[in-house]
Amino acid sequence: MLGFCRGRRKFLAASLTLLFVPAVTWIYLFTGHFDDGKSVSLSLLDTQPHSPRYAASSQRESLEVRVREVEEENRVLRKQLSLVQGRSSSHRHGNRSKTYSMEEGTGDSESLRAGIVAGNSSECGQQPVVEKCETIHVAIVCAGYNASRDVVTLVKSVLFHRRNPLHFHLIADSIAKQILATLFETWMVPAVRVDFYDADELKSEVSWIPNKHYSGIYGLMKLVLTKTLPASLERVIVLDTDITFATDIAELWAVFHKFKGQQVLGLVENQSDWYLGNLWKNHRPWPALGRGYNTGVILLLLDKLRKMKWEQMWRLTAERELMSMLSTSLADQDIFNAVIKQNPFLVHQLPCFWNVQLSDHTRSEQCYRDVSDLKVIHWNSPKKLRVKNKHVEFFRNLYLTFLEYDGNLLRRELFGCPSETDVNSENLQKQLSELDEDDMCYEFRRERFTVHRTHLYFLHYEYEPAADDNDVTLVAQLSMDRLQMLEAICKHWEGPISLALYLSDAEAQQFLRYAQGSEVLLNRRNVGYHIVYKEGQFYPVNLLRNVAMKHVSTPYMFLSDIDFLPMYGLYESLRKSVLQLDMSNTKKALIIPAFETLRYRLSFPKSKAELLSMLDMGTLFTFRYHVWTKGHAPTNFAKWRTATTPYRVEWEADFEPYVVVRRNCPEYDRRFVGFGWNKVAHIMELDAQEYEFTVLPNAYMIHMPHAPSFDITKFRSNKQYRICLKTLKEEFQQDMSRRYGFTALKYLTAENNS
């Protein structure tokens, strides 16, 4: 851009020189200017008609007129050149701490303006500016699980380039609101504000419009933004979810300064032949001005639109056109274009690089082949990244950059811009400031207060509540190295599942591809996948469990681990046990006896009798019998072998069984990260709250072998790790004593005796 502007200034200077020198020459020759500055008068003979000198005189007069014209052109060029140089100097030496230049192009020359539209050349005239800390407002309509995933990539691309505070206005359904509210709350990006508007409440505003577009009713909601967004909001950038920014969004915000007269909509021309009506035989599109406009990127001057009675304008247009068209094919875009056809003055046409459209039928290449400065990529096809375009790999790589980009890196402060600090952030800073950085266990303690960015329901989720109110959800957590267990668990457990996955942004996309390529997982809609993004040194095992527990939809939950396979039919068996043991009226924790195999290939036992036979043959063992007997010894496996009815067991030190409990049970303690004492502390808290431990006689689960985790390796090899775990354990017991008083004394006694 800077080089281009310098080139423009050189061109103007050269033009001025070329025009100015001939002008001086003509003046010298035909008006007789000499060194002393005195003019020589023309002879009377020179003015006689029909004389040779008269002809020469006429020629001189015409040349004098031409000289005056050239001088006038020189004056204009000198003025333009001085303006360009002045602005360049101002840009170089002005106060950069207050404003910075944004948009290429608000020059006065009509030819330059035409060049922008036709060839997307950059202008170097007067450039509008955006105040450094001016808030940019962005509106997005987002509904459902997939759109929520898409909007994250859009937001990443905006955050990556931005230098201004942002205010997102999200028109969202209940699903998208739950997902995105949690995401932004845990993302904690400075100078970003998010407000939600209930899309379901807006349905009645547009539901009367028949629409064939794949976006459904939500694709029409951009029409009602003047009514939906706050009356105090004057302007907003409206974006589709399938947009990727390749530049600072403030450049687009600056274009508002170029609106003139009654212009209230900033739009890019449609890059397909859709509205020309020649795509196929009998193709009949809605009326549009020429090729029409694409509404994936819109600049809305809300205050002027409201004064123009936009609501009545688009409604009357839609009603009139629907009498013959019967339905929309491209949702809001058809109606916007029909309004513009009747009122062309409403539009400020944006250069095509603000909305490079990548659908099968677009001619977007005509836009980007002439410019290197692409600003917005729009995947406006149902095929998205699978669109047919010979340059699609270039655009796909740009998109994937942000798709897999570590969102934690976007938590950067805006230099020089004050940001509103919310209560949660203040509390977090206070808690962190109270930690002693010289404490050898500082990193363990800090982990407890780390806020992990969380994307709930990463994939589509469906759950219909059971009529008998005895439903149970399996709860587990995992990282990328346990992904292979998912299909097996889904085959063993047909009920709902809530999983927290600890992944990086890039791993989340690998998981997405894995899930979409698995027939088993695709056929299971009742599995909630919640991504907790990686941050810090330790595996936050109890945070992950809490996230999975918090988003259980059933009254009861089976707290398991990802490397266990439940017995076939356990889901239905637990539903019956919940009813028989009256868990709705009693505080019980139902214990599922745990076993393990050391074989990677196992013929899974289909009954208790078959399992007992495998125990006797040495194919199976009670879980951790050879390394951590205390963890499951209170289950009393000897009694379980012959038991036919549920039996009660008492808590003992280091007990950590897998249990079925009510959804409102205590959370896991977040101070325990990595390996060690994470389940033990939870079972202790259940006991302190007087849960009754009951072993189910006909239930079982089997641990499958796997390579040791990174955290258990650290525990075994790092003495400081073990010392810190012991310290945290003692502090937890002290906290228990403070919370539960005399009841908690037995935990200290049991620990001392163990």
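Model, not experiment: these values are computed from the prediction. For every chain, the first residue of its written sequence is number 1, and the numbers climb from 1 along that sequence. The model is predicted, so local features are restricted to residues of pLDDT at least 70 and side-chain atom pairs to those at 80 or more, both for listing and for counting; the totals for chains, interfaces and linings are taken over all residues. Calculated side-chain values reflect all of the structure's heavy atoms, with hydrogen atoms and water omitted.

Draft legend 1. Layout of the sheet that holds strand E20 (residues 594-596). In space, the four strands of this open sheet follow the order E18-E25-E20-E21, with mixed pairing throughout. Two strands in the sheet have a free side with no partner beyond their single neighbour: strand E18 (564-566) and strand E21 (621-622). A pair of strands is labelled paired if DSSP reports no fewer than 2 bridges between them. In DSSP terms, a helix is any run of H or I states spanning at least four residues, a strand is any run of E spanning at least two, and both are numbered starting from the N terminus.

Draft legend 2. The arrangement of the sheet that holds strand E22 (residues 647-649) in detail. The nine strands lie next to each other as E13-E16-E15-E14-E17-E23-E19-E24-E22, forming an open sheet whose pairing is mixed. Each edge of the open sheet carries a strand with a single partner, namely strand E13 (454-455) and E22. As paired elements, strand E19 (residues 588-592) and strand E24 (residues 692-695) share four bridges and run parallel to each other. Paired with Ala-589 across the strands is Phe-693, a residue of E24. Along the sheet face, helix H20 (residues 570-580) touches strand E14 (472-479), strand E17 (556-559), E19 and strand E23 (658-662) and points at about 130° away from the line of E14. Contacts are assigned to residue pairs with any non-hydrogen atoms lying within 4.5 Å of each other. Only the stretch in contact is used when fitting a helix axis, every axis being a line fitted to C-alpha atoms; angles between N-to-C directions are given from 0 to 180 degrees.

Draft legend 3. Seen up close, unusual backbone geometry. Positive phi, close to 60°, is recorded for Lys-309, a residue that is not glycine. Inspection of the secondary structure assignment puts Lys-309 in the loop between helix H9 (302-307) and helix H10 (310-325). A positive phi angle, close to 70°, is found at Leu-326, a residue other than glycine. Here Leu-326 falls in the exposed class, since its relative accessible area comes to 61%. Only protein chains enter the accessibility calculation, which uses a 1.4 Å probe; a residue is then buried when its area is under 20% of its type maximum, exposed when over 50%, and partly exposed in between.

Draft legend 4. Broad picture of the packing of aromatic side chains. Classification of ring pairs uses Phe, Tyr and Trp, with its six-membered ring standing for Trp, and accepts pairs whose centres are within 6.5 Å; under 30 degrees between planes counts as stacked, over 60 as edge-to-face, and the remaining range as tilted. Applying the stated criterion to the full structure yields 28 aromatic pairs. With a centroid separation of 5.5 Å and an interplanar angle of 90°, the aromatic rings of Tyr-502 and Tyr-539 are classed as edge-to-face. One end of the pair, Tyr-502, is in strand E15 (residues 497-503); the other, Tyr-539, is in the loop between strand E16 (527-533) and helix H19 (541-550), with 37 residues separating them in the sequence. In this structure Tyr-502 comes out as buried when scored by relative accessible area, which is 6%. A residue is classified by how much of its surface remains accessible, and Tyr-539, at 15% relative accessible area, is buried. Taken together, the aromatic side chains of Tyr-145, Tyr-457 and Tyr-461 make up a single cluster linked through ring pairs. Throughout this description, the term charge over a ring refers to an Arg CZ or Lys NZ atom that lies within 6 Å of the ring centre and within 35 degrees of the ring normal. In this arrangement the basic side chain of Arg-149 is found over the ring face of Phe-458, its NZ or CZ atom lying 5.6 Å from the centre.

Draft legend 5. Highlighting the state of the cysteines. The term disulfide is used for any two cysteine sulfur atoms that are within 2.5 Å. For the coordinates displayed, the defined rule picks out two disulfides. Residue Cys-133 pairs covalently with Cys-417 via a disulfide, S to S 2.1 Å. Taking the sign of the torsion about the S-S bond as the criterion, the disulfide between Cys-133 and Cys-417, at about -95°, is left-handed. In this pair, Cys-133 is assigned in the loop between strand E2 (129-131) and strand E3 (136-142) and Cys-417 in the loop between helix H13 (392-403) and helix H14 (423-433), connecting sequence segments 284 residues apart.

Draft legend 6. Broad picture of the side chain of Asn-270. Counting through the fold element by element, Asn-270 comes out in the loop between strand E8 (265-269) and strand E9 (293-301). With residues near it in sequence (within four places) discarded, Asn-270 still touches Tyr-275, Arg-291, Gly-292, Tyr-293, Asn-294, Gln-333 and Gln-357.

Draft legend 7. Focus on helix H11 (residues 332-342). Counting buried positions along H11 yields nine of 11 residues, so the element is predominantly enclosed. Taken together, the buried positions of H11 are Asp-332, Gln-333, Asp-334, Ile-335, Phe-336, Asn-337, Ala-338, Val-339 and Ile-340. The secondary structure elements touched by the buried residues of H11 are E8, E9, H10 and strand E10 (347-350).

Draft legend 8. Main features of the packing of H10 against H11. For the pair H10 and H11, interaxial distance at closest approach is 9 Å and the crossing angle is 100°. With respect to each other, H10 and H11 are oriented roughly perpendicular. On H11, the residues that touch Trp-310, Met-313, Trp-314, Thr-317, Ala-318, Arg-320 and Glu-321 of H10 are Ile-335, Phe-336, Ala-338, Val-339 and Gln-342. The residue makeup of the contact of H10 with H11, split by class, is eight nonpolar, two polar and two charged. Should an angle fall under 35 degrees it is called roughly parallel, over 145 degrees roughly antiparallel, and 65 to 115 degrees roughly perpendicular, with every other angle called oblique. All residues other than Ala, Val, Leu, Ile, Met, Phe, Trp, Tyr, Cys, Pro, Asp, Glu, Lys and Arg, Gly among them, are scored as polar; the first ten of these are nonpolar and the last four charged.

Draft legend 9. Structural context of the pairing of strand E5 (residues 192-198). Relative to E5, strand E4 (residues 166-172) is paired through seven bridges, and the arrangement is parallel. By the bridge assignment for E5, Leu-166 is matched with Val-192. Between the parallel elements E4 and E5, the chain passes through helix H5 (residues 174-187) in a crossover that is right-handed. The handedness of a crossover follows from its direction of travel: if, with the strands pointing away from the viewer, the path from the first strand over the helix to the second runs clockwise, the crossover is right-handed.

Draft legend 10. Examining the confidence of the model for the chain more closely. Here pLDDT means the predictor's own confidence in every residue, given as a number from 0 to 100. Here the chain averages 82 in pLDDT, and 76% of its residues register 70 or above. Note on residues 1-57: pLDDT is under 50 here. Beyond four places in sequence and across chains, it has 64 contacts.

Draft legend 11. Geometry of the pattern of salt bridges. The salt bridge criterion pairs a side-chain nitrogen of Lys or Arg with a carboxyl oxygen of Asp or Glu, the two atoms within 4 Å. Tallying each qualifying case throughout the model produces 37 salt bridges. The shortest N-O distance in the salt bridge between Arg-575 and Asp-468 comes to 2.7 Å. One end of the pair, Arg-575, is in helix H20; the other, Asp-468, is in the loop between E13 and E14, and 107 residues separate them in sequence. Salt-bridge contacts for Glu-650 lead to Arg-648; the nearest nitrogen and oxygen are separated by 3.8 Å. Just as Glu-650 is exposed, Arg-648 falls in that class too. What emerges from the salt-bridge pattern is a single network uniting Lys-156, Asp-406, Arg-453 and Asp-505.

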